[in-house]
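Below are the chains, spelled out letter by letter.
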Amino acid sequence: MAADLGELLVPYMPTVRVPRTGDRVFKSECAFSFDSPESEGGLYVCMNTFLGFGREHVERHYRKTGQSVYMHLKRHVKEKATGAAGGAIPRRRNGKVFLDLELNRDFNGEDYEYEDEAKLVIFPDHFEIPLPNIEELPALVTIACDAVLNAPSAYKKQEPESWDEEIQVSRHARSLRQLDNGVRIPPSGWKCQKCVMRENLWLNLTDGAVLCGKWFFDGSGGNGHALEHYKETKYPLAVKIETITPDGADVYSFEEEEAVLDPHISEHLSHFGIDKLQMQKKTENGHHTENNSRPRVSEWEVIQESGMKLKAVFGSGYTGIKNLGNSCYLGTVMQVLFSIPDFQRMYVGNLQRIFDYSPLDPSQDFATQMAKLGHGLLSGQYSKPPMKSELIEQVMKEESKVLNWHQQKGVPPRMLKALVSRGHPEFSSNRQQDAHEFLLHVINVVERNSAGSENPSDVFRFLVEERVQCCQTRRVRYSQRVDYCIQLPAPIEAATNREELLAYETKRRDAEENMRAPPEPVRARIPFTACLQAFTEPENVPDFWSSALQAKSAAVKTSRFASFPEYLVLQIKKFTFGVDWVPKKLDLAIDVPDFLDLSRLRAIGLQASEEELPDLLPPIVLAEDTRDNSMSSVDSPEIDEAAVMQLAEMGFPLEACRKAVYYTGNMGPEMAFNWIIAHMEEPDFAEPLTLPSMVDPGPSTSDSPVGAALLSNSPPEESIAILTSMGFPRAHSIQALKATNNNLERALDWIFTHPEEEESDALSDMADTEPNDNAFSNANSHSDSTLSPDRDVSGPRVKDGPGRYELFAFISHMGASTMSGHYVCHIKKEGRWVIYNDHKVCLSERPPKDLGYIYFYHRLSSS
């Protein structure tokens, strides 16, 4: 038999490889679907590329590559007999086979045991060789099989902080000793017991000491008193107070020197008077009282609709997305995008074509991974209702209360997350991120990958007309820019419960001064009309250079819609910066309407009674004059490096920090910080500081016609030469550079996303003498072009139409800042609201529209 197997494998030996250092082994998930070893058909791993494929897709890979040898992995999941293993962590009965295959289960997996099976399969005849089979297989094949079986899964390294993949249960959790010292922790107003720190506080789970941290992986500041306390007492476990929610908390083990899980965290917290579940019940019971003294329902409960018997839904369009560990921002955005027909058509409608023409490594192809996720969400294949027998079994176990949340596992978007976030300093991490920033990032990636084909993000694109008026001469300048989202201010001064807010603030200050527990917070209630009014109000433009006066002057800017998008995205500006420069969220509720009419905000362009500002350049500052400047020289500007590092430690890009310090004249980190906040949306925000030798346009050209006048001239000849040397026509290269502020990298992206028009159109664009055709193009980091009021055919594609909309989805955030918390989304499907909370999908009983963060509207038909 051994000779037979050896002879059988001889023709395929050149294609069998042993994984080398750096090779990723995809043995937990298919490249085209979410099939895994736990799926009915198991997973096939190519023994040459180490890519994984489900039963439906392995034949495609064989036909495309000719690779014939695959390892078939199958995991059999069985429920343990009652009392087996005594609630211990599940053990694999065949652990030598899948030494490093992660468990695709929830943490309550003590009820399950696993039996793993592996075999070699030779295509096209599907000849099977069970493993291990050391005596009968050639040595090279045996070594390759052992290496694949023992290699870590491809994404295990990329999720070191993933809650359900890497963090282990602490060995102290079950037997933790807690002192009966009468310590009770108040719901707020915490402070380190050894210093004045009020942030990054840790509660020792043995004696209830509240102390500041310093050592933890999230880089939080502090004086390390929690660690000192451990060294003195040897009390091992501490929980980060700010992370305590009804869903759990971040626990750290000093003795084990790592983040850990504490399955008994609820009991350990209740020892010190922290009973999140009981607090929920109290709040729910108090919700029905109508007086102002009723307990306030927390946003965690309202947004997640806690305490309600939500009905789980299954099938096409009702599949959840598994949280990979702080990836809920991605899950909510993708759920909304794939509820839009254009994205469905682009990626799911073209599924077979995308898969058939995918590259040899489909895990690195954006269209393939979008199609994979879209099919996973819309096919219903991964969202099937439980069998009747399973329902009865759950009821018998008295787990019916969690049944609705428990059945779906959701699809894990590992490959898409790794691909979309690659190279991005924030999204490539495992920290919580801003869903709005990620939405714009995804739109940008979609645009780059849609060159020459249908671009589904066209549905979000619209034109904004900006009108700037010189206050002294009353002359005006009009410009247009591309945008994808409207950011609505939240004017606290317009709150309908302003008196209540003022009273709360007085009580809060009094409690802080007298070291008492703070009063119950009051949520500001702001009318949506006030937000819209604040958005449309004129904005002052300081240091505006008036070409009519040939000097600086005051000016006002107003913005209107030059076109209305098919899908309108509204972001409520809920986040601000605290005194510690950490982003914080404003606690407010806004009565966002189901139907919205913005027709009155359509731009009307230059009026007959208006006079335009002349198209003149500002005075030129010669390079030799700048060398006499006491602040710096053009070639080597003096920059306060201490201030730069202080800003960089806050997480801002180093080059952006250098520019901020330079442009604020070395006036200190606070002034530089304000510059960063005002310019962080600009496309060249993180690019190196470059000072032109002939013209000094000042700190920013984003809000000044100075920059617009400069940009209206022909781009630098060397930049044009670089693009033309790459084979692009000169006219198209000039157009791309003008549309991107002469940024070569963005110009290249622009060329790929804007295929060349007819030569006559290009010449027309070059000959366009409309002034300031690039003004304000820095106003949005995803603006790929700006146009003159008379739009030409070579401009960005917009789907203009009526400005009447209906709300169909919104994303909500829970938590104190974008750096923490949790996201869920509500989407209206088939006339009913559905809540998507990670892998959990249920019919919504009370969609919290007033607490949303990002709102999505679709255009109503003209009829």
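Further up the page is the structure itself.
All of these numbers come straight from a predicted model, not from anything done at the bench. (Residues numbered from 1 in each chain as written. Predicted model: local features only at pLDDT ≥ 70, side-chain atom pairs only at ≥ 80, totals over all residues. Heavy atoms only, no water.)

### Considering the overall build of the protein
Helix and strand counts for the protein come out as 26 helices and 27 strands. Within the protein, buried positions represent 51% of all 863 residues. Pairs at least 24 residues apart make up 69% of the contacts formed inside the protein by residues separated by at least 6 positions. Approximately 40,000 Å² of the protein is accessible, and the part contributed by carbon and sulfur atoms is 51%. (Helix = DSSP H or I, 4+ residues; strand = E, 2+ residues; numbered from the N terminus. Buried < 20%, exposed > 50% of the residue type's maximum accessible area, 1.4 Å probe, protein only. Contact = heavy atoms within 4.5 Å. Areas by Shrake-Rupley, 256 points an atom, 1.4 Å probe, with all protein chains shown as cover.)

### As for the pattern of salt bridges
Inspection of the entire model under this criterion finds 31 salt bridges. Across the salt bridge formed by lysine 799 and glutamate 566, the nearest N and O atoms sit 3.8 Å from each other. Placement of the pair is lysine 799 in the loop between helix H26 (759-767) and strand E23 (804-814) and glutamate 566 in the loop between strand E17 (551-561) and strand E18 (567-572), with a sequence separation of 233 residues. Accessibility expressed as a relative area gives 24% for glutamate 566, which makes it partly exposed. (Salt bridge = Lys/Arg side-chain N within 4 Å of Asp/Glu carboxyl O.)

### With respect to the packing of helix H19 (residues 641-648) against helix H21 (residues 669-679)
At a minimum axis separation of 10 Å, H19 and H21 run at an interaxial angle of 50°. Classified by the angle between their axes, H19 and H21 sit oblique to one another. The two elements H19 and H21 cross, and the hand of that crossing is right-handed. Contact residues: H19 offers Ala643, Gln646 and Leu647, while H21 offers Pro669, Ala672, Phe673 and Ile676. (Axes fitted to C-alpha atoms, helices over the stretch in contact; angles between N-to-C directions. Parallel < 35°, antiparallel > 145°, perpendicular 65-115°, else oblique. Left-handed = near helix turned anticlockwise from the far one by under 90°.)

### Remarks on the nonpolar core
Grouped burial of nonpolar side chains is what soluble globular proteins tend to show. Ranked by size, the top nonpolar core spans 100 residues in total, and within it Leu120, Met334, Phe343, Tyr347 and Phe460 carry the most contacts. In terms of residues, this core owes the most to one element, helix H15 (residues 435-448), which gives 8 residues. When near neighbours in sequence (up to four residues on either side) are disregarded, phenylalanine 343 contacts Leu337, Phe338, Val348, Met370, Val446, Pro456, Ser457, Val459 and Phe460. Among the nonpolar cores identified, the runner-up in size contains 32 residues, and Ala524, Val592, Leu598 and Leu601 belong to it. (Core = buried A, V, L, I, M, F, W, Y, C linked by side-chain atoms within 4.5 Å.)

### Overview of the packing of aromatic side chains
All told, the structure shown has 24 aromatic pairs when counted by the stated rule. Ring geometry for phenylalanine 427 versus phenylalanine 438: centroids 5.2 Å apart, planes at 80°, classification edge-to-face. Placement of the pair is phenylalanine 427 in the loop between helix H14 (414-420) and H15 and phenylalanine 438 in helix H15, with a sequence separation of 11 residues. With a relative accessible area of 1%, phenylalanine 427 lands in the buried category. By relative accessible area, phenylalanine 438 is classed as buried at 2%. Through pairs of rings, three or more aromatic residues link up here, namely Phe338, Phe343, Tyr347, Phe366 and Phe460. For the cation-ring pair, arginine 60 lies above phenylalanine 32, with the distance from its terminal atom to the ring centre recorded as 5.1 Å. (Phe/Tyr/Trp six-rings, centres within 6.5 Å; stacked < 30°, edge-to-face > 60°. Lys NZ or Arg CZ within 6 Å of the ring centre and 35° of its normal.)

### Observations concerning unusual backbone geometry
For the bond running from phenylalanine 123 to proline 124, omega is 10°, close enough to zero to count as cis. In the segment running from leucine 131 into proline 132, the intervening peptide bond is cis, with an omega of -5°. In this fold, proline 132 is placed in the loop between strand E5 (127-131) and helix H3 (139-150). With a phi close to 65°, phenylalanine 50 is a non-glycine residue in the positive phi region. If you check the backbone angles, glutamine 550 has positive phi at about 55° while not being a glycine. On the basis of relative accessible area, glutamine 550 is assigned to the partly exposed category, the value being 40%.

### Focus: the pairing of strand E13 (residues 476-483)
Judged by how many residues are buried, E13 sits mostly within the fold: 8 of 8 residues are covered. Going residue by residue along E13, you find Val476, Tyr478, Gln480 and Val482 tucked away on one face and Arg477, Ser479, Arg481 and Asp483 tucked away on the opposite face as well. Note: strand E12 (residues 462-470) against E13, 8 bridges, orientation antiparallel. If you follow arginine 467 over to E13, its bridge partner there is tyrosine 478. Linking E12 to E13, which pair antiparallel, is a turn of 5 residues; within it arginine 474 sits at a positive phi near 65°. (Pairing = 2+ DSSP bridges.)

### Re the sheet that holds E13
On the basis of which strands lie adjacent, the open sheet formed by 4 strands has the order E13-E12-E17-E16 and antiparallel pairing. Sheet topology places E13 and strand E16 (539-546) at the edges, where each strand pairs with a single neighbour. The sheet shows a mean angle of 35° between the axes of neighbouring strands, taken without regard to direction. Bridge count for E12 against E17 is 7 bridges, and the pairing is antiparallel. The partner of arginine 467 across the bridge, within E17, is threonine 558.

### Quick look at helix H16 (residues 498-513)
Compared with the 22 Å implied by 1.5 Å per residue over 16 residues, the 23 Å span of H16 between its first and last C-alpha is a close match. Those residues of H16 lying buried are Leu501, Tyr504 and Ala511. Seen end-on, H16 carries its buried residues on one side only, within an arc spanning 90°. Exposed side chains of H16 directed beyond 90 degrees from the buried face belong to Glu499, Leu502 and Glu513. Contacts from the buried residues of H16 go to strand E15 (524-526). Phi turns positive one or two residues past the end of H16, at methionine 515, with a value near 55°. (Expected span 1.5 Å × (residues − 1). Arc of directions from axis to C-beta.)

### Overview of the environment of asparagine 204
Its location among the elements puts asparagine 204 in strand E7 (residues 201-204). Owing to a relative accessible area of 4%, asparagine 204 belongs among the buried residues under this scheme. Separated by 33 residues in sequence, asparagine 204 and leucine 237 place their C-alpha atoms 6.1 Å apart. With near-sequence residues (within four places) excluded, asparagine 204 lies in contact with Ala209, His229, Tyr235, Leu237, Ala238 and Phe272. Among the polar contacts made by the side chain of asparagine 204, one reaches the main-chain amide nitrogen of threonine 206 at a distance of 2.9 Å. (Polar contact = N/O pair within 3.5 Å; in protein donor to acceptor, adjacent residues only side chain to side chain.)

### A look at the packing of helix H20 (residues 654-663) against H21
Between H20 and H21, the shortest axis-to-axis distance is 8 Å and the interhelical angle comes to 120°. When you trace H20 past H21, the crossing you get is right-handed. Residues Ala656, Cys657, Lys659, Ala660, Val661 and Tyr663 of H20 lie in contact with H21, whose contacting residues are Ala672, Trp675 and Ile676.

### Some thoughts on helix H2 (residues 58-65)
Here H2 has its buried residues at Val58, Arg60, His61 and Tyr62. Positive phi shows up at glycine 66, right after H2, with a value of about 80°.

### Some details on the environment of alanine 660
Summarising the element assignment, alanine 660 is placed in helix H20. Taking the relative accessible area as the measure of exposure, alanine 660 reaches 0% and is therefore buried. Contacts of alanine 660, omitting those with residues within four sequence positions, involve Ala672, Trp675 and Ile676.

### Topic: the side chain of arginine 477
Inspection of the secondary structure puts arginine 477 in strand E13. Among buried Asp, Glu, Lys and Arg side chains, arginine 477 stands out as unpaired, with aspartate 615 the closest opposite charge at 5.3 Å. (Lys, Arg positive; Asp, Glu negative; His and termini not counted.)

### Here's the deal with the sheet that holds strand E11 (residues 258-261)
The strands making up a sheet associate through backbone hydrogen bonding, with each pair oriented either parallel or antiparallel. The strand order across the open sheet formed by 6 strands is E6-E11-E10-E9-E7-E8, and the pairing between neighbours is mixed. This sheet does not close on itself; its edge strands, each paired only once, are strand E6 (168-169) and strand E8 (210-212). Strand contacts of helix H4 (residues 225-233): E7 and E8, with the helix running at about 120° to E8, the strand carrying the most contacts.

In short, the description is geometric, and any link to function would need to be established separately.
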